[in-house]
Amino acid sequence: MKTISIRLFLIFLMGAVLSCDKNEPVDNPDITNSTTIGILDIAFICRVQTIPASRLRKVNLCLAYTSDDLFRGIYFIQTNVSEAVTHYRFELPAGEYYYYASVICLSENDSCKYAGFSGQFGHIAAGGKVTVEAGKIATYTTQFH
């Protein structure tokens, strides 16, 4: 009984391997080679003079198609941000987009409040309209006020 099971398994396995066609053309063009794609390079930099850089943390960086989507929180890209990364690059179809970036203050007492945050663990945000042109690199830097 055991040898029959092994033989049936081997026959099934051989049939599955032989039924695969490795030369089948794939109809999935690489989107990065398209002539309508541009690159958006956002430098996520936050300099608050009254707060040490070690007490500031990046929270998020998001992209939306319209300003309405941006304010509703409907993003098509929401990337993980890191203190080790300054530039974030996105390959996008040519057009206009809106970005939103935020930073949190981790200082104690009223230091954050005097620096423009809403208080300890408060956020400040930057955002704006960016334009991506086909075949070009558009560079923007976040501006926190």
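Side note on the nonpolar core
Thought 1: Ranked by size, the top nonpolar core spans 25 residues in total, and within it Leu40, Phe44, Leu61 and Phe90 carry the most contacts.
Thought 2: Elements that contribute at least two residues to this core include exactly strand E1 (37–43), strand E2 (56–64), strand E4 (87–93), strand E5 (95–105) and strand E6 (123–132).
Thought 3: Once you skip the residues sitting within four places of it in the chain, Leu61 turns out to touch Ile42, Phe44, Ile77, Gln78, Thr79, Val81, Tyr88, Phe90, Tyr99, Tyr100 and Ala101.

Here's the deal with the confidence of the model for the protein
Thought 1: Scored by pLDDT, the protein has a mean of 81; 76% of the residues are at 70 or more.
Thought 2: Segment residues 25–32 is flagged for pLDDT under 50; beyond a separation of four residues in sequence, or across chains, it makes 2 contacts in the model.

Structural notes on the sheet that holds E6
Thought 1: Spatial ordering of the open sheet is given by E3-E2-E5-E6, a layout of 4 strands whose pairing is antiparallel. Strands with a single pairing partner mark the edges of an open sheet, and in this sheet they are strand E3 (77–79) and E6. Strand-to-strand twist of the sheet, defined as the mean angle between neighbouring strand axes without regard to direction, takes the value 20°.
Thought 2: As paired elements, E2 and E5 share 8 bridges and run antiparallel to each other. Bridging across to E5, Leu61 finds its partner in Ala101.

With respect to the sheet that holds strand E7 (residues 137–141)
Thought 1: Strand order across the open sheet formed by 3 strands is E4-E1-E7, with mixed pairing between neighbours. Edge strands, defined here as strands with exactly one partner in the open sheet, are E4 and E7. For this sheet the average axis-to-axis angle between neighbouring strands, irrespective of direction, equals 20°.
Thought 2: As defined by bridge partners, E1 adjoins E7 across 5 bridges and the pair is classed as parallel. Paired with Leu40 across the strands is Ala138, a residue of E7.

Let's talk about the state of the cysteines
Thought 1: Using the criterion set out here, one finds 1 disulfide in the structure.
Thought 2: The disulfide partner of Cys105 is Cys112, and the S-S distance across this bridge is 1.9 Å. In this structure the cystine formed by Cys105 and Cys112 twists about its S-S bond by roughly -75°; its chirality is therefore left-handed. Accessibility assignment for this pair places Cys105 and Cys112 in one class, buried.
Thought 3: Free of any disulfide, Cys46 has its nearest neighbouring cysteine sulfur in Cys105, separated by 9.4 Å.

Observations concerning the environment of Gly119
Thought 1: Positionally, Gly119 belongs in the loop between helix H3 (111–114) and E6.
Thought 2: Gly119 sits in the buried class, given a relative accessible area of 13%.
Thought 3: For the pair Gly119 and Leu106, spaced 13 residues apart in sequence, the C-alpha separation works out to 9.3 Å.
Thought 4: Every residue in contact with Gly119, bar those within four places of it in the chain, is listed here: Cys112 and Lys113.

Structural notes on the side chain of Ser102
Thought 1: Position of Ser102 relative to the elements: it lies in strand E5.
Thought 2: A polar side-chain atom of Ser102 sits 2.7 Å from a polar atom in the side chain of Asn60.
Thought 3: Leaving out residues up to four positions away in the same chain, Ser102 has contacts with Phe44, Lys58, Val59, Asn60, His123, Ile124, Ala125 and Phe144.

Rules behind the numbers
Residues numbered from 1 in each chain as written. Predicted model: local features only at pLDDT ≥ 70, side-chain atom pairs only at ≥ 80, totals over all residues. Heavy atoms only, no water. Core = buried A, V, L, I, M, F, W, Y, C linked by side-chain atoms within 4.5 Å. Buried < 20%, exposed > 50% of the residue type's maximum accessible area, 1.4 Å probe, protein only. Helix = DSSP H or I, 4+ residues; strand = E, 2+ residues; numbered from the N terminus. Contact = heavy atoms within 4.5 Å. pLDDT = per-residue confidence, 0-100. Pairing = 2+ DSSP bridges. Axes fitted to C-alpha atoms, helices over the stretch in contact; angles between N-to-C directions. Disulfide = S-S within 2.5 Å. Polar contact = N/O pair within 3.5 Å; in protein donor to acceptor, adjacent residues only side chain to side chain.

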